[in-house]
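In case you want the letters, here they are:
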Amino acid sequence: QVQFVESGGGLVQAGGSLRLSCRDRRSISSTFNPATMGWYRQGPGEQRELVASINSARATDYADSVKGRFTISRDNSKKTVYLQMDNLKPEDTAVYYCNRVPQIEGFWGQGTQVTVSS
């Protein structure tokens, strides 16, 4: 059974915004709440990379390529992690996934496609 379910992707013009959501379907609160969660992405022909993370104290970290444009947040009561993406660029085009940090291989979901047109 899939651990994480991602949603919110779509097609947007450069400079636009999207908000992604990731719900943990299987963890109980005592497992989800202490976990560091991350958003990853995999562009065409590229390796999957971590772009944002948030720990249990809500401290955040970002890849240089998205710093100042993306904001990660979490709602523990809903076991959900969000990624607000602003000022999107064509190079942000990718399938976006969430997972623990460090990732757990068996936890990957289907991801959500983000396409940014120029």
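Computed from a predicted model, the values in this text were never measured in an experiment.

K.L.:
I'd like to hear about the sheet that holds strand E10 (residues 112-117), residue by residue, with values.
P.N.:
Sheet architecture is open: six strands sit in the order E2-E10-E9-E4-E5-E6, paired in mixed fashion. At either margin of the open sheet sits one strand with a lone partner, and together these are strand E2 (10-13) and strand E6 (60-62). When the angles between neighbouring strand axes are averaged without regard to direction, this sheet yields 25°. As paired elements, strand E4 (residues 37-42) and strand E9 (residues 94-100) share six bridges and run antiparallel to each other.

K.L.:
Go over the pattern of salt bridges, please, and point to the residues and values.
P.N.:
Using the criterion set out here, one finds five salt bridges in the structure. Here aspartate 64 makes a salt bridge to lysine 67, at a shortest N to O gap of 3.2 Å. In this structure, arginine 69 and aspartate 92 form a salt bridge, with 2.7 Å as the shortest nitrogen-oxygen distance. Here arginine 69 is found in the loop between E6 and strand E7 (70-75), whereas its partner aspartate 92 is found in the loop between strand E8 (80-85) and E9, with 23 residues between them in sequence. You'll find arginine 69 and aspartate 92 in the same group, each marked buried. When salt bridges that share partners are traced, they join Arg41, Glu49, Arg69 and Asp92 into one network.

Analysis parameters
Residues numbered from 1 in each chain as written. Predicted model: local features only at pLDDT ≥ 70, side-chain atom pairs only at ≥ 80, totals over all residues. Heavy atoms only, no water. Pairing = 2+ DSSP bridges. Helix = DSSP H or I, 4+ residues; strand = E, 2+ residues; numbered from the N terminus. Axes fitted to C-alpha atoms, helices over the stretch in contact; angles between N-to-C directions. Salt bridge = Lys/Arg side-chain N within 4 Å of Asp/Glu carboxyl O. Buried < 20%, exposed > 50% of the residue type's maximum accessible area, 1.4 Å probe, protein only.

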